[in-house]
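Here's the letter readout for the chains.
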Amino acid sequence: MTWSEMQPLLEQACTETLIMVGWSTLIAVVVGLPIGVLLVLTDKGGLLQSTVLNKVIGQIVNIGRSMPFIILMVALMNFTRWVTGTTIGSEAAIVPLAIGGIPFFARLVETAVREVDHGLVEAVQSMGGNTWTIVRKVLVPESLPSLIASTTTTVIALIGYSAMAGTVGGGGLGDLAVRYGFQRFETGLMWITVAILAVVISVIQFAGDYAARSLHRRGARSGPAPTLRLLRAKEPAAADVDKVA
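Per chain, residues are indexed from 1 in the order of the written sequence. A pLDDT threshold of at least 70 governs which residues receive local features in this predicted model, and a stricter bar of 80 or more applies before side-chain atom pairs are shown or counted, although totals over entire chains, interfaces and linings include all residues. Each side-chain value is derived from all of the structure's non-hydrogen atoms; neither hydrogens nor water enter the calculation.

Brief notes about the overall build of the protein
Right, so step 1: Here a strand is any run of E in DSSP of at least two residues, a helix any run of H or I of at least four, and the numbering for each starts at the N terminus. Summing up its helical and strand segments, the protein has 11 helices and zero strands in all.
Right, so step 2: N-terminal to C-terminal, the α/β element order of the protein is α-α-α-α-α-α-α-α-α-α-α.
Right, so step 3: For the protein, with 245 residues in total, the buried portion stands at 37%.
Right, so step 4: Long-range contacts, defined as pairs at least 24 residues apart, comprise 72% of the intrachain contacts of the protein with a sequence gap of at least 6.
Right, so step 5: A 1.4 Å probe and the Shrake-Rupley method give the accessible areas. Residues count as covered only by the protein chains that appear here. Carbon and sulfur atoms provide 65% of the accessible area of the protein, an area that totals close to 13600 Å². Relative accessible area decides the class of each residue, using a 1.4 Å probe on protein chains only: under 20% of the type maximum gives buried, over 50% gives exposed, and in between gives partly exposed. Between two residues, a contact is recorded if the distance between any of their heavy atoms is within 4.5 Å.

Structure (structure tokens):
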């Protein structure tokens, strides 16, 4: 197979992989972030301590993480058909990719949020901050570098999942490698797909590490003071309004 014949196949496969990974990552982050934060809040000593709720959520997350992706795809075929109308192609692969990525990302979020200094939480509580304020002003901002690193890890994991999805007709680079590289003995094309995946993963890892380090250095320079100053600044203003009243 010549390069002119490979090029359109590679372009289509890269586009399909980008769509699958992009949408599944977005869903995993949007759903997994609150789940991870909730695991911390409902844990023992948390702001919303609830042993039963924590164990239920934790068990669901553990089951999702423990299931191999290829088995998850097969188990979700009926659900995937109900959502997308098919079980083949990149659109259908988004469903199991997203569901597989949610518990994976949620555990990473839980680990990142637990690293936040509890003294900051207590300081905001002493100034009258409620749970939502603590989550929005302390837990998420202070854990942002770790959350960026967690997102990077999730993206890379989903790229690997998407390659496995290609073995059962999920589209993308994995499907191209199987149908042409393996079944049609186009070894050159298969190694090109491997090289593309390696380059893409390296670029994503570099970008994620750079963003996480930049946020960490910025936080180290400014420290937690801006958040606390912002919260303190609201108190005098409220007091002045009471005096005027």
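Describing the confidence of the model for the protein
Right, so step 1: Confidence of the predictor at the level of single residues is captured by pLDDT, which takes values from 0 to 100. Of the residues in the protein, 89% have a pLDDT of 70 or more, and the chain-wide mean is 83.
Right, so step 2: Contacts for the low-pLDDT stretch residues 224-230, under 50 throughout, to residues beyond four places or in other chains number nine contacts.
Right, so step 3: The model gives residues 235-245 a pLDDT under 50, and that stretch makes one contact with residues more than four places away or in other chains.

What about the side chain of R107?
Right, so step 1: By the element assignment, R107 lies in helix α5 (residues 90-114).
Right, so step 2: When sequence neighbours within four positions are dropped, the list of residues in contact with R107 reads L39, G58, V61, N62 and R65.

Some details on helix α2 (residues 51-66)
Right, so step 1: Here α2 is 16 residues long and its end C-alpha atoms lie 22 Å apart, about the 22 Å a rise of 1.5 Å per residue gives.
Right, so step 2: Taken together, the buried positions of α2 are N54, I57, G58 and V61. When α2 is viewed along its axis, its buried side chains cluster within an angular range of 100° and face the same direction. When the buried face of α2 is taken as reference, the exposed residues oriented beyond 90 degrees from it are V52, K55, I60 and S66.
Right, so step 3: In this structure, the buried residues of α2 make contact with α1 (3-41) and α5. Helix span, as expected, comes to 1.5 Å for every residue beyond the first. By construction, the arc corresponds to the directions joining the helix axis to the C-beta atoms.

A closer look at the packing of α1 against helix α9 (residues 172-182)
When two helices pack together, their arrangement is given by the angle between the helix axes and by the axis-to-axis distance.
Right, so step 1: The interhelical angle for the contact between α1 and α9, taken along N-to-C directions, is 140°, at an axis separation of 6 Å. By the angle class used here, α1 and α9 are oblique. Of the residues in α9, those touching α1 at L9, L10, A13, C14, E16, T17 and M20 are G172, L173, L176 and Y180.
Right, so step 2: Classifying every residue of the contact of α1 with α9 gives eight nonpolar, two polar and one charged. Axis definition: a line fit to C-alpha positions, over the contact stretch in the case of helices; interaxial angles, taken between N-to-C directions, run 0 to 180 degrees. Orientation is classified from the angle alone, with under 35 degrees giving roughly parallel, over 145 giving roughly antiparallel, 65 to 115 giving roughly perpendicular, and any other angle giving oblique. Gly is put with the polar residues, along with every residue not named as nonpolar or charged; the nonpolar set is Ala, Val, Leu, Ile, Met, Phe, Trp, Tyr, Cys and Pro, and the charged set is Asp, Glu, Lys and Arg.

A look at the nonpolar core
The tendency in soluble globular proteins is for nonpolar side chains to be buried as a group.
Right, so step 1: With 22 residues, the main nonpolar core has F69, L97, L176 and L189 as its most contacted residues.
Right, so step 2: Counting only elements with at least two residues in this core, the list comes to α1, α3 (69-75), α5, α8 (144-165), α9 and α10 (187-222).
Right, so step 3: In plain words, nonpolar cores are sets of buried Ala, Val, Leu, Ile, Met, Phe, Trp, Tyr and Cys residues tied together by side-chain atoms within 4.5 Å. Core analysis: the next-biggest nonpolar cluster, separate from the first, contains 16 residues, A112, V113, V116 and L120 among them.

Comments concerning the side chain of T80
Right, so step 1: Of note, T80 is situated in helix α4 (residues 77-84).
Right, so step 2: Setting aside residues no more than four positions away along its own chain, T80 makes contact with G85, T86, T87, A92, V95 and P96.

Concerning the pattern of salt bridges
A side chain with one charge can pair with a side chain of the opposite charge if their charged atoms come near.
Right, so step 1: Salt bridge criterion: a side-chain nitrogen from Lys or Arg within 4 Å of a carboxyl oxygen from Asp or Glu. If you walk through the whole model with that rule in mind, you get three salt bridges.
Right, so step 2: Across the pair R107 and E110 runs a salt bridge, and its minimum N-O distance is 2.5 Å. Of this pair, R107 and E110 are both found in helix α5, three residues apart, which corresponds to roughly one turn of the helix. Both residues of the pair, R107 and E110, count as buried.
Right, so step 3: In this structure, a network of salt bridges that share partners links the residues D43, R107, E110 and R114.

As for the packing of α5 against α8
Right, so step 1: Here α5 crosses α8 at 150°, and the two axes come no closer than 9 Å. In terms of their interaxial angle, α5 and α8 are classed as roughly antiparallel. The handedness of the crossing between α5 and α8 comes out as right-handed. On α8, the residues that touch A93, L97, G101, F104, F105, L108, V109 and A112 of α5 are S146, L147, S150, T151, T153, T154, A157, L158, Y161, S162 and A165.
Right, so step 2: Looking at the contact of α5 with α8 residue by residue, the class counts come to 12 nonpolar, seven polar and no charged. It is the rotation of the near helix from the far one that decides the hand of a crossing: anticlockwise by less than a right angle makes it left-handed, clockwise makes it right-handed.

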